[in-house]
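As a plain string of letters, each chain reads:
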Amino acid sequence: MSSDQRFFDFLKERIGLDVTSVGPAIIERAVRQRTTLSQAANADEYWQLLQGSRDEQQALIEAVIVPETWFFRYPESFATLGKLARKRLNELNNMRALRILSLPCSTGEEPYSIAMALLDAGLKPHQFKVDGMDVSPLSVDKARRALYSKNSFRGQDLDYRERHFTPEQDGHRVNENVRDQVRLQVGNVLDPVLLANEPPFDFVFCRNLLIYFDQPTQKQVFEVLKGLTHIDGVLFIGPAEGSLLGRLGMRSIGIPQSFAFSRHSEAQPEPLPTPKPVSLPVNQPLRSTPPAPVRNRPFAGVTPLPATRASANPDSATLLANIAALANEGKSAEARAACDQYLRSHEPVAQVFYWLGLLSDVAGLTLEAQGYYRKALYLEPQHPEALMHLAALLQAQGDTAGARRLQERAARSSRTADSERKR
């Protein structure tokens, strides 16, 4: 067993992290950081320290978990929640308050978005309560402070900030009436008796988490989530997790871009799609697609939707910057049109095919996304974002070996970039 494998196994046991989903370089970097900060002489000495210190165990977990979230991410999900919540209250004849869970809640943007969305949908404070839970005490503490910088506010529609926040010197604080609707606590989704003594939730948000587990852990966590969700409830997931939930016996509620699934006992698991080579035309017809955020990687630092690469052609650079801006603002159809415009007027570049892959990815068009990511890697074999996203798709489909190869390529690319920056 290598020295690194001990740390991989520790994180797998504690938080379910499958090293192949993020690549070993991410974990190795966190271990080096904690070894230095703890003043351990080497990895073996740090391992001994880790075994005897709960504080250090949590510190390593915190070094691996880097939240990347913002308010009203995937906005259609919150619009759908408002409609479903009103319908659910009618079904219950307003006999009790709705229960909503955000897990993992990270630094609080999601549970507070849920509360704001329900208040804006006309629900009264006594009609719902939101629970937010995360494995990271640091993230939960930040959520409880409820003070957010501009990085938590993205896109053009920020009207909600005027209604639900108070500006302060260091940012914007969530108003008290919203905070009162949210209960925050530390908890681990790998705990089989998580919230076991509480009634099930009408709506559960668990987004972009399952893709970082291996298949046995995915099934284990799914059983926990299913137990937490009311038989008539709805589970909101990340864009890349739809096929996984289908295989586990749930089905989409049929509202585009909501990424919402119902827990029906009669639902039959969908078969795992068989990947096959695809040949995609360059110009795709415009389609209604969801916002194109970066896939949330709670176990690694992520720069939101990468900056465009340098180009000698000013018009090319302008178009690439416009694609990035449109995608970051959630204007997916316009972003796709801008990609098509670029390919009609310029030589193909990896970054444009990467954007097309990402837009297809979040729309649930898995095979199409794979084709675009592979086109990006044909033009730029070490394109880091295309490597990571294609690896995540392969991992979700059970192709662990293929995902591992791409992760290793991404790690080599990262080491090369680090080396060049030090020169």
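Structure first, text after, so check above.
How each quantity is defined
Residues numbered from 1 in each chain as written. Predicted model: local features only at pLDDT ≥ 70, side-chain atom pairs only at ≥ 80, totals over all residues. Heavy atoms only, no water. Helix = DSSP H or I, 4+ residues; strand = E, 2+ residues; numbered from the N terminus. Buried < 20%, exposed > 50% of the residue type's maximum accessible area, 1.4 Å probe, protein only. Contact = heavy atoms within 4.5 Å. Areas by Shrake-Rupley, 256 points an atom, 1.4 Å probe, with all protein chains shown as cover. Expected span 1.5 Å × (residues − 1). Core = buried A, V, L, I, M, F, W, Y, C linked by side-chain atoms within 4.5 Å. Pairing = 2+ DSSP bridges. Axes fitted to C-alpha atoms, helices over the stretch in contact; angles between N-to-C directions. Right-handed = clockwise from strand over helix to strand, strands pointing away. Salt bridge = Lys/Arg side-chain N within 4 Å of Asp/Glu carboxyl O. Phe/Tyr/Trp six-rings, centres within 6.5 Å; stacked < 30°, edge-to-face > 60°. Lys NZ or Arg CZ within 6 Å of the ring centre and 35° of its normal. Parallel < 35°, antiparallel > 145°, perpendicular 65-115°, else oblique. Left-handed = near helix turned anticlockwise from the far one by under 90°.

Quick question: what am I supposed to make of the overall build of the protein chain here?
On a plain count of helices and strands, the protein chain comes out with 18 helices and ten strands. Counting across all 423 residues of the protein chain, residues that qualify as buried make up 53%. Here the contacts in the protein chain between residues at least 6 apart in sequence split such that 72% fall between residues at least 24 apart. When the accessible area of the protein chain is evaluated, it comes to approximately 19,300 Å², of which 50% is carbon and sulfur surface.

Hey, could you run me through helix α6 (residues 75-91) in this one?
Residue pairs three or four apart in sequence face the same way in an α-helix, which turns once every 3.6 residues. Between its first and last C-alpha atoms α6 spans 25 Å; for 17 residues at 1.5 Å apiece the expected length is 24 Å, and the two agree. Those residues of α6 that fall on the buried side of the exposure criterion are S77, F78, T80, L81, G82, L84, A85, R88 and L89. Looking at the buried positions of α6, the neighbouring elements they touch are β1 (98-102), α7 (109-120), β7 (201-205) and β8 (229-236). At the C-terminal side of α6, N93 shows a positive phi close to 55°.

What should I look at first to understand the nonpolar core in this one?
If you look at soluble globular proteins, the nonpolar side chains tend to sit buried side by side. Judged by nonpolar contacts, the single largest core of 37 residues is most densely connected at F71, L98, I100, Y112, F128, Y148 and F203. Taken together, the elements giving at least two residues each to this core come down to α6, β1, α7, β2 (128-134), α8 (137-145), β6 (182-186), β7 and β8. Looking at this core, the element that brings in the most residues is α7, giving seven residues. Of all hydrophobic cores here, the second largest spans 34 residues; its members include L343, V352, Y372 and L390.

Help me out: how do you make sense of the sheet that holds β1 in this one?
Pairing between the strands of a sheet is mediated by backbone hydrogen bonds and can be parallel or antiparallel. The seven strands lie next to each other as β6-β2-β1-β7-β8-β10-β9, forming an open sheet whose pairing is mixed. A strand with exactly one partner marks an edge of an open sheet, and here the two such strands are β6 and β9 (251-252). Alignment of β8 against strand β10 (residues 260-262), held across three bridges, turns out to be antiparallel. Each residue of the ladder has a partner; that of F236, found in β10, is A260. Across the sheet, α8 lies against β2 and β6, angled at about 160° from β6, the strand it touches most.

I keep staring at the pairing of β8 and nothing clicks. Help me out?
Looking down a regular strand, the side chains alternate between one sheet face and the other. For β8, a buried count of six out of eight residues is recorded, marking the element as mostly surrounded by other parts of the structure. Relative to β8, β7 is paired through four bridges, and the arrangement is parallel. The residue of β8 that forms the bridge with F201 is T229. With helix α11 (residues 215-228) bridging β7 and its parallel neighbour β8, the resulting β-α-β unit is right-handed.

Hey, could you run me through the sheet that holds strand β4 (residues 165-168) in this one?
Strands sit in the order β3-β5-β4 across an open sheet of three strands; the sheet is antiparallel. Since the sheet does not close on itself, it has two edges, and those belong to β3 (147-148) and β4, each with one partner. The pairing of β4 with strand β5 (residues 171-174) spans four bridges and is antiparallel. Residue T166 lies in a different strand from β5, and its bridge partner there is R173.

Where do I start with the environment of E162 in this structure?
Looking at where E162 falls in the secondary structure, it is placed in helix α9 (residues 159-164). E162 sits ten residues away from H172 along the chain, and the two C-alpha atoms are 9.8 Å apart.

What should I look at first to understand the pattern of salt bridges in this one?
As a working rule, side chains carrying opposite charge can pair if their charged atoms are close by. Evaluation of the coordinates by the stated rule reveals 15 salt bridges. Of the charged contacts, one joins R88 and E91 as a salt bridge, the two residues approaching to 3.4 Å between their closest N and O atoms. Pair noted here: R88 and E91 are both in helix α6, with a separation of three residues, about one helical turn. Judged by relative accessible area, which is 7%, R88 ranks as buried. Salt-bridge contacts for R163 lead to D120; the nearest nitrogen and oxygen are separated by 2.8 Å. Here R163 is found in helix α9, whereas its partner D120 is found in helix α7, with 43 residues between them in sequence. Through salt bridges that share partners, R88, E91, R96 and D202 make up one connected network.

Teacher, can you tell me more about the packing of aromatic side chains here?
Ring pairs (aromatic) are described by centroid distance and by the angle formed between their planes. Counted according to the given criterion, the structure contains 18 aromatic pairs. The interplanar angle of 25° and the centroid separation of 6.3 Å between the aromatic rings of F153 and Y160 together place this pair among those described as stacked. Chaining the aromatic ring pairs together yields one cluster made of F71, F72, F78, Y112, Y148, F153, Y160, F165, F205 and F236. Its end group placed over the ring of F201, R99 keeps NZ or CZ at 4.1 Å from the ring centre. The ring of F153 has R161 lying over it, and the distance from NZ or CZ to the ring centre is 4.9 Å.

Would you mind showing me how to read the packing of helix α14 (residues 332-345) against helix α15 (residues 350-362) here?
The description of two packed helices rests on the angle between their axes and on the distance between the axes. α15 packs onto α14 with a crossing angle of 150° between their chain directions and a minimal axis gap of 10 Å. On the basis of their axis angle, the class for α14 and α15 is roughly antiparallel. Note that α14 runs across α15; the crossing there is left-handed. Listed contacts from α15 to S332, A335, R336, C339, D340, Y342 and L343 of α14 are V352, F353, W355, L356, L359 and S360.

Would you mind going over the side chain of S152 with me for this structure?
On the secondary structure map, S152 appears in the loop between β3 and α9. If near-sequence neighbours (up to four positions away) are discounted, S152 is found in contact with W70, F71, E109 and Y160.

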